[in-house]
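Read off the chains here:
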Amino acid sequence: MKRLVENITSGYVEAANRFMPGKPVNRIVVYVESYDDIAFWRLLLEEFENDSLHFQVMLPTGNPDSGKSAAGELLRGKKSAIFSCLGQISLGKNLIACVDSDYDYLLQDTTGTSRLLNNSPYIVQTYTYSIENYQCYAGCLHHICVQSTLNDKRIMEFVPFMESYSRIVYPLFLWSVWAYKYNMYRDFSLHDFNTVVKLPSFSPGNPSSCLKLLSARIGKNINMLENRFPQALEQIAALDAAVRELGVEPQETYLYIQGHNLYENVISRILYPICVILRRERENEIRQQSVHSEQYDNEIRAYAHSQADFKDLIHKNTHYRVMPQYQRLRERVSGIVQLFAGKDSK
């Protein structure tokens, strides 16, 4: 016998709320893209919960009548979060979507998805490329190193390094957005862009050396694109003005490139050697301060037990909440809550 699965829509949630026991609570279901997104959006949304308002963050589930997914199947991805598995918009008063912007925020009304994200009152987008860009916020990286190694020594300053990286990447970043805005991504794909902006071999003792290599590589690619698409130069100039108008600053470009690539090919390449140095330094201190081998063995075991993998810490990091982009997220959610409150009062 086929198991029946509820097709969750805004109207369904609103009706279900009326049958909840006790004091009436407005339950708002929040569709997100993946499991990793649940904790990020829950942290933001719970700031707005009270005795009469509650958010339930979840993945959308498949509809047995849609013909596109199995009954009860948990779906992932931006389109699943937005379109309720049916290809029809069913967001509303009691059902919203919280999704990554990708390039859609920067594309504004260029594509159907970008028009929906930038104009729907029931969608919250990150305004950075993804939640991973928040988690990789440069202002958090020293704290992550300290948590990982239990060593508070500053080997390098992360914020100015990432600002320099971003300024170098920015001109090619404009070409990447241009490729998607003008349907030229087959000629310069996101994969192509990510390959070029990947951080070269990084040395904590000489961080500027990898930036010089990166700058030379990006310069060659920009020259190639300019020679291949000379007609695009005016469009690139206009796009530069447009993305700056949206709040994108060259020194913050890393917040708007693909989050997974940023994490794997930039931030991890920086943090790994730094954490190795910090751990070795702490282990040497333990060796020097131990009066006998037994004390050394005990202290080393205790230190090893107290360490954490920086990759796990990045995904659990919440210190990005000081970012201006996150403040904008707060304002967006606050607007949605006020919108719902206004409808309830009518």
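Criteria and cut-off values
- Just so you know, the residues in each chain are numbered from 1, in the order the chain's sequence is written.
- Under the rules for a predicted model, residues below a pLDDT of 70 receive no local features and side-chain atom pairs below 80 are neither given nor counted, while totals for whole chains, interfaces and linings still include all residues.
- Heavy atoms from the whole structure form the basis of all side-chain values; hydrogens and water molecules are not counted.
- We define the nonpolar core as a collection of buried residues of types Ala, Val, Leu, Ile, Met, Phe, Trp, Tyr and Cys that are connected through side-chain atoms lying within 4.5 Å of one another.
- Relative accessibility under 20% of the residue-type maximum defines a buried residue, over 50% an exposed one, and the middle range a partly exposed one, all with a 1.4 Å probe and only protein chains included.
- Each helix is a run of DSSP H or I of at least 4 residues and each strand a run of E of at least 2, with the numbering of both proceeding from the N terminus.
- Note on contacts: a residue pair is in contact if any heavy atoms of the two residues lie within 4.5 Å.
- Here, strands pair whenever DSSP counts at least two bridges between them.
- Axis definition: a line fitted to C-alpha atoms, limited for helices to the stretch in contact. Angles are taken between N-to-C directions and run from 0 to 180 degrees.
- In summary, the pairing rule links any two rings of Phe, Tyr or Trp, Trp by its six-membered ring, whose centres are within 6.5 Å, and it sorts them by plane angle into stacked for under 30 degrees, edge-to-face for over 60 and tilted for everything else.
- Over a ring means this: the NZ of a Lys or the CZ of an Arg is within 6 Å of the ring centre and within 35 degrees of the ring normal.
- Salt bridge criterion: a side-chain nitrogen from Lys or Arg within 4 Å of a carboxyl oxygen from Asp or Glu.

Enquirer: With reference to specific residues and values, describe the nonpolar core.
Expert: Counting residues in hydrophobic clusters, the biggest one holds 88 residues, and the most contacted among them are Trp 41, Tyr 165 and Phe 173. Considering each element in turn, this core owes the most residues, 14 residues, to helix H8 (residues 158-181). Residue contacts for Tyr 165: discarding those within four places in its chain leaves Val 197, Leu 199, Leu 211, Leu 214, Tyr 254, Ile 257 and Val 266. Grouped together as the second largest cluster of nonpolar side chains are 11 residues, Val 29, Ala 81, Ile 82 and Ile 123 included.

Enquirer: Could you give an account of the sheet that holds strand S4 (residues 123-125), with specific residues and numbers?
Expert: Sheet strands pair via backbone hydrogen bonds, and the direction of the pair is either parallel or antiparallel. Read across the open sheet, the four strands follow the order S2-S1-S3-S4; overall the sheet is parallel. The open sheet has two free edges, formed respectively by strand S2 (53-58) and S4, since each of these has just one partner strand. Each strand axis lies, on average, 25° off the axis of its neighbour in the sheet, ignoring direction. One ladder, built from three bridges, connects strand S3 (residues 95-99) with S4; its direction is parallel. The partner of Ala 97 across the bridge, within S4, is Ile 123.

Enquirer: Account for the packing of aromatic side chains, with residues named and values stated.
Expert: Counted according to the given criterion, the structure contains 18 aromatic pairs. With 5.6 Å between their ring centres and 80° between their planes, Phe 161 and Phe 202 make a pair best called edge-to-face. Of this pair, Phe 161 sits in helix H8 while Phe 202 sits in the loop between helix H9 (190-197) and helix H10 (207-228), and the two are 41 residues apart along the sequence. The exposure classification of Phe 161 matches that of Phe 202, with both residues buried. Both rings, one in Trp 178 and one in Phe 229, keep their centres 5.4 Å apart while their planes meet at 55°; by these two values the pair is tilted. Of this pair, Trp 178 sits in helix H8 while Phe 229 sits in the loop between H10 and helix H11 (233-245), placing them 51 residues apart in sequence. Residue Trp 178 is classed as buried on the basis of its relative accessible area of 2%. Members of the aromatic cluster, joined through ring pairs, are Tyr 103, Tyr 129, Tyr 170, Phe 173, Tyr 180, Tyr 185 and Phe 193. Of note, Lys 181 hangs over the ring of Tyr 182, and the distance from its end group to the ring centre comes to 5.9 Å. Cation over ring: Arg 328 sits above Tyr 127, and NZ or CZ is 4.0 Å from the ring centre.

Enquirer: Give a detailed account of the pattern of salt bridges, specifying residues and quantitative values.
Expert: This structure, assessed with the given rule, holds eight salt bridges. Across the pair Glu 47 and Arg 330 runs a salt bridge, and its minimum N-O distance is 2.9 Å. One end of the pair, Glu 47, is in the loop between helix H2 (35-45) and S2; the other, Arg 330, is in helix H15 (residues 324-344), and 283 residues separate them in sequence. You can call Glu 47 partly exposed: its relative accessible area is 38%.

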